[in-house]
Amino acid sequence: MLRVSIFGAGVMGRRHARVFALCESVRIVGVVDVDKDAAQSLASLIGGAVMSTQDALACSDAVVIATPTDTHATLVSRALEAGLAVLVEKPICTTTDRAHQLAQIAERKAVVLATGHSERFNPAVRSLSLATERDPIVSLVTSRSMPRSRAPRGSITLNLAVHDLDLARFLSRSRVEVAFAHGDSDRVTIGTTLHGASFGEHAVWQRAPARARTLSAATASGARYEADLLTSRLTVDGLLLAVSDEEPLLAQARAFLRAVATGDMSSLATADDAASAVSLALEAEALSSYANPHLASS
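Report on the accompanying structure. (Residues numbered from 1 in each chain as written. Predicted model: local features only at pLDDT ≥ 70, side-chain atom pairs only at ≥ 80, totals over all residues. Heavy atoms only, no water.)

## With respect to the overall build of the protein chain
Thought 1: A count of helical and extended segments in the protein chain gives 10 helices and 15 strands.
Thought 2: At 19 Å, the protein chain has a C-alpha radius of gyration in line with the 19 Å of a compact globule built from 298 residues.
Thought 3: With respect to the principal axes defined by its C-alpha atoms, the protein chain has extents near 55 × 45 × 40 Å.
Thought 4: Counting only residues that meet the buried cut, the protein chain has 54% of its 298 residues in that class.
Thought 5: If you take every contact in the protein chain between residues at least 6 apart in sequence, the share linking residues at least 24 apart comes to 66%.
Thought 6: For the protein chain, the computed accessible surface area is about 13,000 Å², with 51% contributed by carbon and sulfur atoms.
Thought 7: The positive charge centre, built from 29 side chains, and the negative charge centre, built from 31, are 3 Å apart in the protein chain. (Helix = DSSP H or I, 4+ residues; strand = E, 2+ residues; numbered from the N terminus. Rg over C-alpha atoms; globule rule 2.2 N^0.38 Å. Buried < 20%, exposed > 50% of the residue type's maximum accessible area, 1.4 Å probe, protein only. Contact = heavy atoms within 4.5 Å. Areas by Shrake-Rupley, 256 points an atom, 1.4 Å probe, with all protein chains shown as cover. Lys, Arg positive; Asp, Glu negative; His and termini not counted. Charge placed at Lys NZ, Arg CZ, Asp CG, Glu CD.)

## Here's the deal with the pairing of strand S13 (residues 233-236)
Thought 1: Direction of pairing for strand S12 (residues 224-228) relative to S13: antiparallel, over a ladder of four bridges. Residue pairing for S13: aspartate 228 is matched across the bridge by arginine 233.
Thought 2: Linking two consecutive strands that pair antiparallel, namely S13 and strand S14 (residues 239-241), is a turn of two residues; a positive phi of about 50° is found at aspartate 237 within it. (Pairing = 2+ DSSP bridges.)

## Quick word on the side chain of arginine 144
Thought 1: Within the secondary structure, arginine 144 is located in strand S7 (residues 137-145).
Thought 2: On the basis of relative accessible area, arginine 144 is assigned to the buried category, the value being 5%.
Thought 3: The residues touching arginine 144, leaving out its near neighbours within four places in the chain, are Glu119, Leu160, His163, Asp164, Ala203, Val204, Trp205, Ala212 and Arg213.

## Observations regarding helix H5 (residues 96-109)
Thought 1: Between the first and last C-alpha of H5 there are 20 Å, a value that for 14 residues agrees with the 20 Å anticipated at 1.5 Å per step.
Thought 2: For H5, the complete set of buried residues consists of Thr96, Ala99, Leu102, Ala103, Ile105 and Ala106.
Thought 3: Against helix H4 (69-81), strand S6 (113-116) and helix H9 (271-287) lie the buried residues of H5.
Thought 4: By the N-cap criterion, in which a side-chain oxygen at the helix start approaches the backbone nitrogen of a residue two or three places on, H5 is capped by threonine 95, the distance to arginine 98 being 3.2 Å.
Thought 5: Looking at the residues trailing H5, positive phi occurs at alanine 110, about 60°. (Expected span 1.5 Å × (residues − 1). Polar contact = N/O pair within 3.5 Å; in protein donor to acceptor, adjacent residues only side chain to side chain.)

## What to know about the environment of methionine 1
Thought 1: Along the chain, the position of methionine 1 falls in the segment before strand S1 (2-7).
Thought 2: A sequence separation of 102 residues divides methionine 1 from alanine 103, and the C-alpha atoms of the two residues are 26 Å apart.

## Some points on the sheet that holds S6
Thought 1: Taken in spatial order, the seven strands of this open sheet run S3-S2-S1-S4-S5-S6-S15, and their pairing is mixed. The sheet terminates laterally at strand S3 (49-50) and strand S15 (269-270), the two strands that pair on one side only.
Thought 2: Sheet topology places strand S4 (residues 62-65) next to strand S5 (residues 85-89); four bridges connect them, and they run parallel. In the strand pairing of S5, valine 64 is matched with leucine 87.

## Topic: the packing of helix H1 (residues 11-21) against helix H8 (residues 248-262)
Thought 1: At a minimum axis separation of 9 Å, H1 and H8 run at an interaxial angle of 65°. Where H1 crosses over H8, the handedness of that crossing is right-handed. Every residue of H8 that contacts H1 at Met12, Arg15, His16, Val19 and Phe20 is listed here: Leu249, Leu250, Gln252, Ala253, Phe256 and Leu257.
Thought 2: Of the residues in the contact of H1 with H8, the class split is eight nonpolar, two polar and one charged. (Axes fitted to C-alpha atoms, helices over the stretch in contact; angles between N-to-C directions. Left-handed = near helix turned anticlockwise from the far one by under 90°. Nonpolar A, V, L, I, M, F, W, Y, C, P; charged D, E, K, R; others polar.)

Right, dumping it as structure tokens:
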């Protein structure tokens, strides 16, 4: 049994805890949060005990870190130095240099470091990735919106657009560069180049009346794919494709456990993947028409 501790008893911490508790090879031993009531509430649901950071690191084989972004780098570093496997929520941290440093620690300690870019495990995205292995994507348009009340705190590019920038790299299997970005603290549109020439556009809005996550892709052969990432619906040239019904976070948890057991990171977002997504997000923010004071002081 792999002993796992959950760092963060907020929305994402509770979601990760639920799916890891479903995995037969896992025993959740600890819950860590500065809010002791929240930690106790989560521990009572999934088992384990409310612990300090030091105690959780001492009795775990792996940790899931779903704390505020500005705490990620320190917690990930401590866990890696303790020889533990780590799954950290996206973004991995707030700077590209720090992300690369974390990757170096994981390599030196020979432990798994994965980042929770869970959109990779959306059934529609997984099916699209398989379908385009031999028919590369040449254009990609993504759109993401949600009410501000449900949006994560901080930078819209670093906390939301980072999903779509990672998807652009993952689905195009190529180098991605930021071509333009414009917007403000509520809405941003980012243009990217794929394969050094093809095009992507990613719009994120966090003052919308309802949640929406859509993706459109065209391939070299002329096929056109449309996906609704909320319902995991995928069509090609208007025809509905069958997709898996596996929950993305559960699929990600299982992939993480396989990586811990076998070293196979092929389906996960590595620290280097996460660093690239952070780099693209920060570049897009610098090009857009506003500056985020939180990042400026980080």
